[in-house]
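Okay, here's what each chain looks like letter by letter:
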Amino acid sequence: MTSIIVMTFQQSDYSFQALVDDIEEERIRWNIPGMAISVVGPKINGHRNVYEHAFGVKQIDSTSSSNNIDLDTVFHIGSDTKLITSFAVAMLVDQRQLQWTQPIKEYWKDFKLIDSFAENNANLIDLLSHRIGVPRADFLMEICLNSTEMRGRISHLQPVEQFRDSFIYNNHFLALAGEIVGRKANLHPNFIESWALFLEENIFKRIGLENSYATIEHFLHHSQNFAVSHYTDLFKDMKPNPLPVDENLIVDRVAPAGSVSMSIRDRAKWLTFLLDKGQLADGTYLLSPEAFDQIFTPHNIVKTSPSYSLSTYGLSNWISTYKGHSVISHGGIMYGQYSTTCFFPDLDFGVVALTTGIQLGSDDLCFDVVDRLFFKSTTSLGHIQATYQSRMDEQIWMINENQRQIDSRQPYAPPSLNYSSYCGVYVNQVFGKLKMDCDTDSDAAFVIRIMDAPSKYALNLPVFHFEYDRFVPLLDNESKVLAPVNGNVTFSIESNIVVTVLFQLSLPAANMYPFTDGYPEGILFNRLEFSD
């Protein structure tokens, strides 16, 4: 059992205070409304020092007297939820209610994929390590009413890689693993709610997490001290804008993949629990050693990068090395909020960060902290600064590339048909119906609307002629500059009749997720009268 001594940075030594000062400087520089971090130190004589600090405010421009972020302020942790779901699965494996390698069809008979081999052989390890080969299609959260409808549409998604051959991130399959937990736990008729109750009763309470909620709905009903999500346009004015409190409620449709909310104090307890290999305050363990090790065993190869010698993926965690030391990490992105967790098992040390508005560094913050504390680096947050410089470079590149495409288009390249000939309804088996609406109040050729989406997430995208049968959106409504780098709508014509449209959109289609996420070349829609 580990005894935790909680200290604020102000009570700690100079190196921690200097770190806080540097982080605060970067937070102000990038206009981040609110943030909280925790550094969990190595165990020494059975004790750990946990250093915590809260920065900024819950909501920009609020006049509330309790607007400052504190250590119990709750943030959304997004995909950091996935590791908790993996622990829930592992608990049921320990209880012999589930088996790691049993085909999913044995637990969920309606599980369907285009690839029949993957459909009949995919198991829990495949779901939790993203080995199915089907892209994420997160926008389905906005146009589907529930997880059952989403799974029905996903069954028609074409794989982009072979089964168990590559790392293809997919929230929907991980959410299915959580629903399997919910079905087995049988705590509620709704399997996602059953999963949520299982987490809160069997994991959160046992670890001692006091300000943690399994779903956005639970968070909305019970939390009074929370950070408000903010949207910051990196390519415009860098000003954070507060979002509605229920902005991320739709994530509950894939809750086991990303709906948990926690305070930084609870995140530190969770990180301590991980460093202690699943040991609880009473000296017992949540999992068997075999189940715990299974979670942190590499099951998939992800990528290589300058920071990593090799990056692999366990069951909802990245496993890699940094400067010769093993590092385990994951991040979470919610609309307007970000989370990152990383720890070094051999150094017995970890870092957690929660932010609103803009993500502050992800793994970069972890590397900067470990450089400062263990490798005695005197560089001021070099990884974070390099990341943000690359973001600014990307912004400059996009502006220049956009102008290059505008300058290089054909001087006289009219569309093949009148604008009215392109208007109509186009359908895709997964993504539903797109309407090209000629009834527009602007100079646009037409407006693209998603017919299946609820009004809150409805896409109303004016597009303008670019060249030939290619149309593009604007960079923004104020500038009226065409933006081919942001999206393209390209029509295919046979015998003077529009047959298909290839729709590619780089920016979020509505409030949250890029419509063509996972399909960089775009998604093909057939004109309704020509579809099967």
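Refer to the structure presented above.
Residues numbered from 1 in each chain as written. Predicted model: local features only at pLDDT ≥ 70, side-chain atom pairs only at ≥ 80, totals over all residues. Heavy atoms only, no water.

Peer 1: I would appreciate a short explanation of empty space enclosed by the protein in the present structure.
Peer 2: The method is simple in principle: a probe with the dimensions of a water molecule rolls over the atoms, and the space it marks as empty is what remains. For the structure on display, the rule yields 4 cavities of 30 Å³ or more. Empty space within the largest cavity amounts to approximately 70 Å³. Taken together, Asp80, Leu83, Arg267, Trp270, Leu274, Ser316, Asn317, Ile328, Ser329, His330, Thr341 and Phe343 make up the full set of residues lining the largest cavity. For the lining of the largest cavity, the secondary-structure elements that each account for two or more residues are α10 (264-275), β12 (325-334) and β13 (337-344). Looking at the lining of the largest cavity, its residues break down into 5 nonpolar, 5 polar and 2 charged. Considering only enclosed or pocket space, the second largest cavity measures out at about 60 Å³ in volume. Along its surface, the second largest cavity is lined by His76, Phe219, Phe226, Ala227, Val228, Ser229, Leu243, Pro244, Val245, Glu247, Asn248 and Gln337. A breakdown of the residues in the lining of the second largest cavity according to their chemical character gives 7 nonpolar, 4 polar and 1 charged. (1 Å grid on protein atoms, 1.4 Å probe; cavity = no way out; pocket = protein on both sides within 12 Å on 5 of 7 lines; lining within 4 Å. Points joined across faces, edges and corners; volume = space filled by probe spheres on them. Helix = DSSP H or I, 4+ residues; strand = E, 2+ residues; numbered from the N terminus. Nonpolar A, V, L, I, M, F, W, Y, C, P; charged D, E, K, R; others polar.)

Peer 1: Hey, could you run me through helix α8 (residues 191-207) in this one?
Peer 2: Because an α-helix completes one turn every 3.6 residues, residues spaced three or four positions apart along the sequence face the same direction. If you check α8, its first and last C-alpha atoms are 23 Å apart, about what 17 residues at 1.5 Å a residue would give, namely 24 Å. Remark: the principal bend of α8, roughly 30°, maps to glutamate 200. Where α8 is concerned, the buried positions are Ile192, Glu193, Ser194, Trp195, Ala196, Phe198, Leu199, Glu200, Ile203, Phe204 and Ile207. For α8, the N-terminal cap is asparagine 190; the gap from its side-chain oxygen to the backbone nitrogen of isoleucine 192 is 3.0 Å. (Expected span 1.5 Å × (residues − 1). Bend = angle between axes of the 7 residues up to and from the residue. Buried < 20%, exposed > 50% of the residue type's maximum accessible area, 1.4 Å probe, protein only. Polar contact = N/O pair within 3.5 Å; in protein donor to acceptor, adjacent residues only side chain to side chain.)

Peer 1: So what exactly am I meant to see when it comes to the packing of aromatic side chains here?
Peer 2: A complete count under the given rule lists 26 aromatic pairs for this structure. Between phenylalanine 87 and phenylalanine 273, the aromatic rings sit 5.5 Å apart at their centres with planes inclined by 55°, giving tilted as the arrangement. Of this pair, phenylalanine 87 sits in helix α2 (residues 81-94) while phenylalanine 273 is found in helix α10, placing the two residues 186 residues apart along the sequence. Between phenylalanine 446 and phenylalanine 471 the ring centres are 5.0 Å apart and the planes differ by 45°, which places this aromatic pair in the tilted class. Taken as a pair, phenylalanine 446 in strand β17 (residues 446-450) and phenylalanine 471 in strand β19 (residues 470-472) lie far apart in primary sequence, 25 residues in all. Given the relative accessible area of 0%, phenylalanine 471 is considered buried. (Phe/Tyr/Trp six-rings, centres within 6.5 Å; stacked < 30°, edge-to-face > 60°.)

Peer 1: How do you make sense of the nonpolar core when you look at a structure like this?
Peer 2: Note on soluble globular proteins: their nonpolar side chains tend to be buried together. Judged by nonpolar contacts, the single largest core of 118 residues is most densely connected at Phe87, Leu199, Ile203, Phe446, Ile448 and Phe491. For this core, the element with the highest residue contribution is α2, accounting for 9 residues. With residues up to four places along the chain from it excluded, the contact list for phenylalanine 491 reads Tyr422, Tyr426, Met436, Phe446, Asp469, Phe471, Val498, Thr500 and Val501. (Core = buried A, V, L, I, M, F, W, Y, C linked by side-chain atoms within 4.5 Å. Contact = heavy atoms within 4.5 Å.)

Peer 1: Looking at this model, I keep getting lost on the sheet that holds β17. Mind explaining?
Peer 2: Across a sheet, paired strands are connected by hydrogen bonds in the backbone, their directions being either parallel or antiparallel. Here 8 strands make up a closed barrel; going around it, the order is β15-β16-β17-β18-β19-β20-β21-β22 and the pairing antiparallel. Taken pair by pair, the neighbouring strands of this sheet meet at an average axis angle of 30°, ignoring direction. Taken together, the 2 bridges between β19 and strand β20 (residues 487-494) define a ladder with antiparallel strand orientation. Each bridged residue has a counterpart across the sheet, and for arginine 470 the counterpart in β20 is threonine 490. (Pairing = 2+ DSSP bridges. Axes fitted to C-alpha atoms, helices over the stretch in contact; angles between N-to-C directions.)

Peer 1: I'm lost on the layout of surface pockets in this one. Help?
Peer 2: Roughly 310 Å³ of volume is contained in the second largest pocket. Contributing to the lining of the second largest pocket are 17 residues, with Ser147, Asn190, Ile192, Glu193 and Asp252 lying nearest its centre. Across the lining of the second largest pocket, the residue classes tally to 6 nonpolar, 5 polar and 6 charged.

Peer 1: Looking at this structure, how should I read the packing of α2 against helix α7 (residues 171-185)?
Peer 2: The packing of two helices is summarised by the inter-axis angle and the distance between the axes. Relative to each other, α2 and α7 sit at 40°, their axes nearing to 10 Å. Taken together, the axes of α2 and α7 lie oblique to each other. The handedness of the crossing between α2 and α7 comes out as left-handed. The segment α2 lies against α7, with Lys82, Thr85, Ala88, Val89 and Leu92 engaging Asn171, Leu174, Ala177, Gly178, Val181 and Lys184. Residue composition of the contact of α2 with α7, by class: 6 nonpolar, 3 polar and 2 charged. (Parallel < 35°, antiparallel > 145°, perpendicular 65-115°, else oblique. Left-handed = near helix turned anticlockwise from the far one by under 90°.)

Peer 1: Just checking my understanding: could you explain the environment of glutamate 52 for this structure?
Peer 2: Along the polypeptide, glutamate 52 turns up in strand β3 (residues 47-56). When the C-alpha atoms of glutamate 52 and valine 352 are compared, they prove to be 9.4 Å apart, with 300 residues separating the residues in sequence.

Peer 1: Hey, could you run me through the pairing of β13 in this one?
Peer 2: For a regular strand, side-chain orientation follows a simple rule: the groups alternate between the two sheet faces. Counting buried residues along β13, 8 of its 8 residues qualify, which places the element largely inside the surrounding structure. Side-chain alternation along β13 places Gln337, Ser339, Thr341 and Phe343 on one buried face and Tyr338, Thr340, Cys342 and Phe344 on a second face that is also buried. Across 7 bridges, β12 lies against β13 in antiparallel orientation. Of the residues in β13, the one forming a bridge with histidine 330 is threonine 341. Joining the antiparallel neighbours β12 and β13 is a turn of 2 residues, in which glycine 336 adopts a positive phi near 90°. Linking two consecutive strands that pair antiparallel, namely β13 and strand β14 (residues 349-356), is a turn of 4 residues; a positive phi of about 55° is found at aspartate 348 within it.

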